[in-house]
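If you want the building blocks of each chain, they are given just below.
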Amino acid sequence: MSRRRFLAAGAATLPAAVLGTSRPAFAATVQASGVAPVALAGFDNVLKTYIVERQISCAQLAITKNGKLVLARGYRYSDDPAVPSVSPTSLFRVASLSKHITAVATMRLAQDGALNLGTSVAALLGLSTAADARLADVTVWRLLQHTGGWDRDISGDYLYMDHTIARSLGVSLPITRDHIIRYAGSRPLDFTPGSRYAYSNYGYMLLGMIVEKVSGMSYESYVRQKILAPVGISRLRLGRTLKAQAAPGEVVYESAATSRTVTDASGTVVPAPYGAFSMENRGPGGGWLASAVDLVRFARVLDAPGAVLNSTSIGRMLAQPETGVTESGSWYGAGLWVRQVTGHLNTWHDGSLPGTYGYTARLQNGFTYAAIFNRREETGSPDFNVLSPRINAEIGKVTTWPATDLFPRYF
């Protein structure tokens, strides 16, 4: 499956089938909360148009300029009372935007002298190399940069193979991370570690386990205490699989897709966002809940040395890997895509799960933004990838940037 297909999936009406239930289509106006200064109305209009075109009921946008929060919006496009209002601090699943959080945690452990990024992952976690001796050559660096040897287009994505893994190991659902490791460890790698790039959710699951092993804390506790608290972020938490387990202030997720539940062996067909995959197992690679204002605040960790990372660690986060620089000159650093522009290293990443799409970018001229949605691209829906060029087109139209910093309103 290609990265585009994996991430995917004019005014419009909401779909006839949301969360597996049918109801009449209806027109709705976009309700917005938070602050969008007049000078930045173009960005606000981009989001409103985008969600109407794609029938998205919940969304957020946050923008910083030179470290100040200048726009913070929540959007609701629905007249269904089951869809709650959206504020700038409502929580969304952020899918693979979780990866740079895990990468920062890993870099912090290395910065503190607790972890050598060149260490073999098999040695750190006690993984058997019986099925493939090359596993000994998978280093922490190679997990961070997706060069470890796993290719989901060949062997599948182990984070979405719950039924296959349970059947193969003869265990009951739900499976755990240890089950996933047992299954993956019984199979050969798809390529020699360090020889090429291939995006791996499994690799980031292993990074979360390394954080736990090295720190002596749970992955979530380490991130919240050592990475988030120093920059004043307290809302982020790991999400849960079932709708009944939603966090306070978390939005609802919508998808036309359904699947067999991975929470038990009943075979029950469920809405894809609520039981088709395990949020608990995805944690370090795709399990965090956040708001857009949290994401742009977290992005400041890479803007300058501070309480979380020093200049050496920031440089390592953005460094070119041993292989995998694209024809356009971009590369996957540690949890983020990177491209050199004049005087700046731009970074960006997107994230996608059934019921979730998000995008964040740090660009030249001190411009950073994050947008999150409660739907992703699915069959028949308009292209979700147009968000970035639409946002970029508005940047040059702003003649005067607001001087007021909105961060104190939300932190």
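Structural data are supplied above this passage.
Residues numbered from 1 in each chain as written. Predicted model: local features only at pLDDT ≥ 70, side-chain atom pairs only at ≥ 80, totals over all residues. Heavy atoms only, no water.

Enquirer: What exactly am I supposed to notice about the overall build of the protein chain here?
Expert: Within the protein chain, the regular secondary structure consists of 15 helices and 15 strands. Over its C-alpha atoms the protein chain spans a radius of gyration of 21 Å, differing by no more than 12% from the 22 Å that the globule rule assigns to 411 residues. Expressed along its principal axes, the backbone C-alpha trace of the protein chain runs to roughly 60 × 50 × 40 Å. Carbon and sulfur atoms provide 51% of the accessible area of the protein chain, an area that totals close to 15,500 Å². Computed over 40 positive and 29 negative side-chain charges, the inter-centroid distance for the protein chain is 3 Å. (Helix = DSSP H or I, 4+ residues; strand = E, 2+ residues; numbered from the N terminus. Rg over C-alpha atoms; globule rule 2.2 N^0.38 Å. Areas by Shrake-Rupley, 256 points an atom, 1.4 Å probe, with all protein chains shown as cover. Lys, Arg positive; Asp, Glu negative; His and termini not counted. Charge placed at Lys NZ, Arg CZ, Asp CG, Glu CD.)

Enquirer: When you look at the side chain of Arg297 in this model, what are you seeing that I'm missing?
Expert: By secondary structure assignment, the location of Arg297 is in helix H12 (residues 292-299). Among buried charged residues, Arg297 stands out as having no salt bridge; its nearest opposite-charge side chain is Asp405, 6.5 Å away. Among residues more than four places away in sequence, those in contact with Arg297 are Val231, Gly232, Ile233, Phe407 and Phe411. (Buried < 20%, exposed > 50% of the residue type's maximum accessible area, 1.4 Å probe, protein only. Salt bridge = Lys/Arg side-chain N within 4 Å of Asp/Glu carboxyl O. Contact = heavy atoms within 4.5 Å.)

Enquirer: Would you explain the pattern of salt bridges in this entry?
Expert: Going through the model one piece at a time under the given rule, you end up with 15 salt bridges. For Glu53, the salt bridge is made with Arg390, and the minimal N-O distance between the two is 2.9 Å. Note that Glu53 is positioned in helix H2 (residues 41-54) and Arg390 in helix H14 (residues 387-395), a separation of 337 residues in sequence. On the basis of relative accessible area, Glu53 is assigned to the buried category, the value being 16%. Among the ionic contacts, a cluster of salt bridges with common partners joins Asp44, Lys48 and Arg73.

Enquirer: What is the right way to read the sheet that holds strand E6 (residues 92-93) from this model?
Expert: The pairing of strands in a sheet happens through backbone hydrogen bonds and is either parallel or antiparallel. Here we have 3 strands laid out as an open sheet, ordered E6-E10-E7, and antiparallel in their pairing. Two strands bound the open sheet, and with one partner strand each, they are E6 and strand E7 (237-238). When E6 meets strand E10 (residues 288-290), the two strands line up antiparallel, connected through 2 bridges. Of the residues in E10, the one forming a bridge with Phe92 is Ala290. Sheet strands in contact with helix H10 (residues 219-228) are E7 and E10, and its direction is about 40° off that of E10. (Pairing = 2+ DSSP bridges. Axes fitted to C-alpha atoms, helices over the stretch in contact; angles between N-to-C directions.)

Enquirer: Is there a simple way to think about the sheet that holds strand E14 (residues 356-363) in this case?
Expert: Spatially, the 8 strands line up as an open sheet ordered E3-E5-E4-E15-E14-E13-E12-E11, and their pairing is antiparallel. Looking along the sheet, the strands with just one partner apiece sit at the ends: strand E3 (31-35) and strand E11 (330-332). Neighbouring strand axes in the sheet, compared pairwise and without regard to direction, differ in orientation by 15° on average. Across the sheet, H14 is in contact with E14 and strand E15 (367-373); its angle to E15 comes to roughly 145°.

Enquirer: Please explain unusual backbone geometry as it appears in this structure.
Expert: Keep in mind that most residues, glycine aside, have a negative phi and that most peptide bonds are trans. Here the residue pair Leu173 and Pro174 is connected by a cis peptide bond, since its omega of 0° sits within 30 degrees of zero. Summarising the element assignment, Pro174 is placed in the loop between helix H7 (162-169) and helix H8 (177-185). The backbone of Gln55 sits at a positive phi, close to 60°, despite the residue not being glycine. Here Gln55 falls in the partly exposed class, since its relative accessible area comes to 23%. For Ala95, which is not a glycine, the phi torsion comes out positive at approximately 50°. Judged by relative accessible area, Ala95 falls into the buried class, the value being 0%.

Enquirer: I'm lost on the pairing of strand E4 (residues 58-65) in this one. Help?
Expert: A regular strand places its side chains on the two faces of the sheet in alternate fashion. Most of E4 sits out of view: 8 of its 8 residues are buried. Residues Cys58, Gln60, Ala62 and Thr64 of E4 are buried on one face, and the alternating residues Ala59, Leu61, Ile63 and Lys65, pointing to the opposite face, are buried as well. Connecting E4 to the next strand, strand E5 (residues 68-76), in antiparallel fashion are 2 residues, including Asn66 with a positive phi near 55°. Bridge count for E4 against E15 is 7 bridges, and the pairing is antiparallel.

Enquirer: Just checking my understanding: could you explain the packing of aromatic side chains for this structure?
Expert: Considering all chains together, one arrives at 20 aromatic pairs under this definition. For the ring pair Tyr50 and Phe384, a centre distance of 5.8 Å and an interplane angle of 70° mean the geometry is edge-to-face. On the criterion of sequence distance, the pair formed by Tyr50 in helix H2 and Phe384 in the loop between E15 and H14 is long-range, its members being 334 residues apart. No difference in accessibility class separates Tyr50 from Phe384, as the two residues are buried. Where Tyr197 meets Tyr332, the ring centres are 6.0 Å apart and the plane angle is 35°; that geometry is what we call tilted. Here Tyr332 lies in strand E11 and Tyr197 lies in the loop between H8 and helix H9 (201-215), a separation of 135 residues in the sequence. Classification of Tyr197 by relative accessible area gives partly exposed; the value is 25%. Its end group placed over the ring of Tyr50, Arg54 keeps NZ or CZ at 4.1 Å from the ring centre. (Phe/Tyr/Trp six-rings, centres within 6.5 Å; stacked < 30°, edge-to-face > 60°. Lys NZ or Arg CZ within 6 Å of the ring centre and 35° of its normal.)

Enquirer: Help me understand the nonpolar core, please; the structure alone is not making it clear to me.
Expert: Within the largest apolar cluster, 120 residues are counted, with the highest numbers of intra-cluster contacts made by Tyr202 and Phe373. Sorting elements by how many residues they give to this core places H9 first, with 8 residues. Residues in contact with Phe373, not counting those within four places in the same chain, are Leu47, Tyr50, Ile51, Ile56, Cys58, Ala59, Phe92, Gly355, Thr356, Tyr357 and Leu387. (Core = buried A, V, L, I, M, F, W, Y, C linked by side-chain atoms within 4.5 Å.)

Enquirer: Explain the packing of helix H3 (residues 99-111) against H9 here, please?
Expert: The angle between the axes and the distance between the axes are what describe a pair of packed helices. Where H3 meets H9, the axes come as close as 10 Å, and the angle between the chain directions of the two elements is 35°. Like other packed secondary-structure pairs, H3 and H9 cross with a definite hand, here left-handed. Across the interface between the two elements, Lys99, Thr102, Ala103, Ala105, Thr106 and Leu109 of H3 pack against Asn201, Tyr204, Leu207, Gly208, Val211, Val214 and Ser215 of H9. (Left-handed = near helix turned anticlockwise from the far one by under 90°.)

Enquirer: Honestly, the pairing of strand E13 (residues 344-353) in this entry has me stumped. Any pointers?
Expert: Within E13, 8 of the 10 residues are buried, which leaves the element mostly enclosed by the surrounding structure. Bridge count for strand E12 (residues 337-341) against E13 is 5 bridges, and the pairing is antiparallel. Residue pairing in the sheet places Trp337 in a bridge with Trp348 of E13. Counting the residues in the hairpin turn of E12 and E13 gives 2 residues, including Gly343, whose phi is positive at 75°.

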